[in-house]
Amino acid sequence: EAKKNRHQKSLFFEPSMGQRLAYKVELEHEMRDAIERGEISLHYQLQKNIQTGHIVGVEALIRWNHPTLGPISPVEFIPVAEETGMIIPIGEWVMKTACRQQVEWTRQGYGSLRMSVNVSPYQFQDELFVEKILHTLRETGVDPENMTIEVTESLAIRDVEKVSAQLRLLRDTGIRLAIDDFGTGYASLKYLRTFEPHLLKIDRFFVDGIDIETERGNMVQAIIAIGRSLNMEVLAEGVETIEQLEFLRAAGCDEVQGYYLSRPLPADGVEQLLRGPFQMIRTV
Ligand code: C2E
Ligand code: MG
Ligand code: MG
Ligand code: MG
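Residues numbered from 1 in each chain as written. Chains lettered and ligands numbered in written order. Predicted model: local features only at pLDDT ≥ 70, side-chain atom pairs only at ≥ 80, totals over all residues. Heavy atoms only, no water.

Undergrad: Any chance you could explain the coordination of the magnesium ion (ligand 3) here in plain terms?
TA: Ideal geometry at a metal centre gives angles of 109.5 degrees when four donors are arranged tetrahedrally and 90 or 180 degrees when six donors are arranged octahedrally. Protein coordination at the magnesium ion (ligand 3): the donors are D180 (OD), D181 (OD), E237 (OE) and E237 (OE), at 2.0 to 2.3 Å from the metal. Motif for the magnesium ion (ligand 3), donor spacing along one chain: D-D-x55-E. In this structure, the magnesium ion (ligand 3) lies 4.2 Å from the magnesium ion (ligand 2), and both are coordinated by D180. Remark: E237 occurs in the loop between β8 (233–236) and α10 (242–250) and D181 occurs in strand β6 (residues 176–182); sequence separation between them is 56 residues. (Donors = N, O, S within 2.8 Å, 3.2 Å for Na, K, Ca; no water. Helix = DSSP H or I, 4+ residues; strand = E, 2+ residues; numbered from the N terminus.)

Below, the structure written as structure tokens:
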């Protein structure tokens, strides 16, 4: 309880560099057996096609609930996992867990929801990265067409040749590729030609205030136009209001994700929404 308070405090007081380092070292230490101790789980957030009104898939988002530190945000621990190499086993666990869930939902008759999995640029440095993913898909029985791999633009800053080759291998099997947080990273438009993603995910920065601030709305329209012209689908992240959703639909955005539809939820929470009147309520 004392530890928990200390952690929560750090949200309100700017911690010193020493405190930050100590916390990072603590995370690094605690992370080692977090999976074995059952502290790591996945939540899933619905993705909806706003032109057809269909729920098309879910994004898997990792959660770490530490017994004394409390819930730790992936924004905080993924960078630590990347620095320590722990991102490799964690990434494998995420992929396997997400695949099992996708198959389970298909088996239970929820339809073939697409599963979107976030992958760190560091995972591409693993020589066996592609092989491991294909193995997991085969082992669990996920149709590659129902798997989307989300990468951020920062993937583009190193080893373009190697990464392109890996992405090509993945897409050749039918796996879909998404550029996450589009518009906030380092990638030039050139990389869109090189990586040829299926989906652009517009960062929620642009969605926030979209219906109020003309410039943001214009930027979103421009991103949608880029996606269109390169035959990509476009998804807007962080949609929290009906006004934002309506703006996006009118602008021709294909899909949305955000608190307006649903927060990221544990699997049973998603099932409740899919079983309930949800689809009708939100088919605006
Ligand atoms: P992301 O992939 O861009 O995920 C979207 C983030 O926005 C999620 O935060 C989600 O909870 C949040 N979000 C969704 N809808 C809304 C909304 O309407 N309003 C607001 N304010 N936020 C919304 P989360 O779950 O904390 O994840 C943060 C980031 O951590 C992710 O950004 C992703 O980059 C990374 N991450 C999460 N899970 C994994 C994972 O399994 N592997 C890797 N490598 N990275 C992950
Ligand atoms: Mg993502
Ligand atoms: Mg994103
Ligand atoms: Mg993000």
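The structure having been displayed, the exposition proceeds.
Undergrad: Sorry, what's going on with the pairing of strand β7 (residues 199–202) here?
TA: Successive side chains on a regular strand alternate, one facing one side of the sheet and the next facing the other. On β7, burial covers both faces: L199 and K201 on one face and L200 and I202 on the other are all buried. In the sheet, β6 pairs with β7 via 3 bridges, with the strands oriented parallel. Looking across to β7, one finds that A178 is bridged to L199. Pairing analysis gives 4 bridges linking β7 to β8, with the strands arranged parallel. Each residue of the ladder has a partner; that of K201, found in β8, is L235. (Buried < 20%, exposed > 50% of the residue type's maximum accessible area, 1.4 Å probe, protein only. Pairing = 2+ DSSP bridges.)

Undergrad: Help me understand the pairing of strand β5 (residues 147–152) in this model?
TA: A large share of β5 lies buried, amounting to 5 of its 6 residues. Across 4 bridges, strand β4 (residues 114–118) lies against β5 in parallel orientation. Considered in β5, the bridge of N118 is made with E150. The pairing of β5 with β6 spans 5 bridges and is parallel. What sits directly across from I149, in β6, is L177.

Undergrad: What exactly am I supposed to notice about the nonpolar core here?
TA: Judged by nonpolar contacts, the single largest core of 73 residues is most densely connected at Y44, W105, M115, M147, I149 and L248. Residue contributions to this core peak at 7 residues, all from helix α4 (residues 87–107). Those residues in contact with I149 that lie beyond four places of it in its chain are M95, V117, V119, I133, L170, I175, R176, L177 and A178. (Core = buried A, V, L, I, M, F, W, Y, C linked by side-chain atoms within 4.5 Å. Contact = heavy atoms within 4.5 Å.)

Undergrad: Just checking my understanding: could you explain the site of ligand 1 for this structure?
TA: Taken together, 22 residues sit near ligand 1, with R63, N118, D180, E240 and Y259 positioned nearest. Taking E237, its side chain carries an N or O atom lying 3.2 Å from an oxygen atom of ligand 1. Contact distances for ligand 1 include 2.8 Å between an oxygen atom and a backbone N or O atom of Y259. Contact with the protein chains removes 84% of the 810 Å² of surface that ligand 1 exposes when unbound. Assessed atom by atom at 2 Å from the grid points, ligand 1 resides in the largest pocket. Elements supplying a minimum of two residues to the shell around ligand 1: β2 (55–66), α3 (74–84) and β6. Sorting elements by how many residues they give to the shell around ligand 1 places β2 first, with 4 residues. Residue composition of the shell around ligand 1, by class: 9 nonpolar, 5 polar and 8 charged. (Near = heavy atom within 4 Å. Polar contact = N/O pair within 3.5 Å; in protein donor to acceptor, adjacent residues only side chain to side chain. Areas by Shrake-Rupley, 256 points an atom, 1.4 Å probe, with all protein chains shown as cover. 1 Å grid on protein atoms, 1.4 Å probe; cavity = no way out; pocket = protein on both sides within 12 Å on 5 of 7 lines; lining within 4 Å. Sits in = over half its atoms within 2 Å of the grid points. Nonpolar A, V, L, I, M, F, W, Y, C, P; charged D, E, K, R; others polar.)

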